[in-house]
Every structure is written in C-alpha cells, then in structure tokens.
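Structural characterization, general
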Number of protein chains: 2
Amino acid sequence: MRLTRQTNYAMRILMYCAANDGRLSRIPEIASAYTVSELFLFKILQPLVEAGLVETVRGRNGGVRLGRPAENISLFDVVRVTEENFAMAECFENDATECPLVDSCALNAALREALNAFFEVLMRHSIADLVAQKSSMRGLLGIEMPVEQRALAG
Amino acid sequence: MRLTRQTNYAMRILMYCAANDGRLSRIPEIASAYTVSELFLFKILQPLVEAGLVETVRGRNGGVRLGRPAENISLFDVVRVTEENFAMAECFENDATECPLVDSCALNAALREALNAFFEVLMRHSIADLVAQKSSMRGLLGIEMPVEQRALAG
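Residues numbered from 1 in each chain as written. Chains lettered and ligands numbered in written order. Predicted model: local features only at pLDDT ≥ 70, side-chain atom pairs only at ≥ 80, totals over all residues. Heavy atoms only, no water.

**Some points on the packing of aromatic side chains**
Summed over the entire model, instances satisfying the criterion amount to eleven aromatic pairs over all chains. Three or more aromatic residues link up through ring pairs in this structure, and these residues are Phe76, Phe118 and Phe119 of chain A together with Phe76, Phe118 and Phe119 of chain B. Sitting over the face of the ring of Phe40 of chain A, Arg5 of chain A holds its NZ or CZ atom 4.3 Å from the ring centroid. (Phe/Tyr/Trp six-rings, centres within 6.5 Å; stacked < 30°, edge-to-face > 60°. Lys NZ or Arg CZ within 6 Å of the ring centre and 35° of its normal.)

**Details of the confidence of the model for chain A**
When pLDDT is averaged along chain A, the result is 85; 81% of the residues meet or exceed 70. Among the prediction metrics, the complex's ipTM stands at 0.81, with pTM recorded as 0.82. (pLDDT = per-residue confidence, 0-100.)

**Describing the pattern of salt bridges**
Throughout the structure, instances matching the rule amount to twelve salt bridges over all chains. For the salt bridge of Arg68 of chain A with Asp77 of chain A, the shortest nitrogen-to-oxygen distance reads 3.0 Å. Among the residues examined, Arg68 of chain A registers a relative accessible area of 29% and is labelled partly exposed. Between Asp77 of chain B and Arg80 of chain B there is a salt bridge, and its shortest N-O distance comes to 3.2 Å. Taken together, the residues span about one helical turn, with Asp77 of chain B and Arg80 of chain B both in helix α4 (residues 75–82) at a distance of three residues. Through salt bridges with shared partners, a single ionic network connects Arg68, Asp77 and Arg80 of chain A. (Salt bridge = Lys/Arg side-chain N within 4 Å of Asp/Glu carboxyl O. Buried < 20%, exposed > 50% of the residue type's maximum accessible area, 1.4 Å probe, protein only. Helix = DSSP H or I, 4+ residues; strand = E, 2+ residues; numbered from the N terminus.)

**Some thoughts on unusual backbone geometry**
Residue and element names in this part refer to chain B. At Asp21, a position not held by glycine, the phi torsion is positive, near 60°. One can find Asp21 in the loop between α1 (5–19) and α2 (27–34). A positive phi is found at Thr35, a non-glycine position, where the angle reads about 45°. With respect to the helices and strands, Thr35 occurs in the loop between α2 and α3 (38–50).

Given below as structure tokens:
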C-alpha cells in the first residue's frame, strides 16, 4: 500500500507554495528544490489547477500559488485529486470481480471502514499545518524573501 | 492506494478455511471457488504458513487449515504478512529521498498518523468476523460438509 508519486509531489508543491506565503513560486525553483524535472511538476500541477488548489499566472514574472488559503486545503482534498483509485481490492469495482462473496462480503466492508479512518485523519490536517514553521521551511527549500518583506514575514 | 492482489487473496483463503470450520481445505477447491490458479494460491500460502496463520497437512487427504482460531487472526495480522511495503511515500524509507524536508517533515508525520488509523481498524476485525454467517459462506464458496457433521455445524 503506497500513495502515488503524484500525490507525494503534489503535497510538496502545495507545501512550497504555502511556505512562499502568497507570493508566486516559479516552477524551475520548485523543481530545483525537490530535484525533479519541470515536466514532471507540470504534469502534477494540471489536476491541481483544475481542482482549484493551485492558480497559475502566466508570463515572464508568472508562477504558481495556492488557489485558496492553505488552512482550507486538507490533505484529503489533495489525495482525492491525485490518487486515481481508492479501490482497495478488485471487488471495490463492481464489475471487475469473479469472487463468489462479492454481494455479501464483510472483508469489503472492513476495508472501507479502514480506508475511511485513513481519510478522516487526512481531513484533519491542512497544508497550513505542514508548513507551520514557515521561515525554517523557506530555509530548507531555498526560498528567498524579498528584502522589503523580510521584516513582516512570519 | 490499493492493497496488493496477494493481500486480497490471502484474506479470501483465510475466510475459506474459517468457513470450513477446522476441516482441511484442499487447494484445488479453494482455487476453483475463487477462479484463480493453484500456483497463485501456493505462492500466497507460503508467507501465511511461515507466519503461522495457516497450517498445511501433506498427503492424499492433506490440505490447509487455519494455524490458530479465526478469532485470533486480525486483518492487520494478514496485511502485515502480505503487504511488502507500507512506505506511503519515498521519504518513509530513510535513505531513498532527496527531499530537503526529510528531517523535519510534517507530511510524513500526518501520513503515518493516517496509516495508523487504517491499521487500528484492521486490528479490530478478525477473520472470524468475516465469516460470521458460516453456512451462507459455505454455500457461496461451494464447501460441502460431510453428512455426519451437517447436524452439528453452525
């Protein structure tokens, strides 16, 4: 059981944007911070933009930023967009099983209950929680604040 | 996020054995009930036997049965044996990430908390819970009880 690489990096992109405190983040800088390709980040950004979790601003001074406050983006909001499939077993997909138990299976019900417990924890955590130590995060990610903002930034 | 096919069929093998109420179950019959190959079932059985969840009896009248009472086998006991990896993200594996946040990542902690909630639900459910309706299960799985046991069986 493992989250997809897409989910993993979607979380990190959102953490980067949240640490950057409303300013536009440039893709090459995010890619460099996480040592992945820009193409890979663009692919991950697309569904995040479609879901309204990220906004893009085009042009020479363009970049990306959160589509809504980091406090209002739960980790569940992210996995719902980035994980293709929460079918824990083939019988979660109605027409894909030959299991004779499919119509009366307590296993299916137990796995759904476990998955819901997993989701409930993710709903309780927001992207803002993940970057509570903003200035430390900026240091780790190599995000430089403009001089005039340094005094104000948290 | 998905459990492996191994986990899925390990659960079903254990459910079959539990429904069979202590009698030996034959691999060809389990394979036939779930329409999978015997070779595939043998592969899944091996770690279950090593972990003591299943016992094998060799010979012409041999077969498999639970290694301990179904009440004492939780679904967590099963996934712990059959899932290779609960690294939700690459940073769960200490030496496998270049993420600059690795030493102070709240994402990692949140995912671990969610995974623990998932496990806790699985710990609360046993194989016995999954076959509470034994006679109905036997019907669905095509398990025939010997005539002399039918009057006694639950």
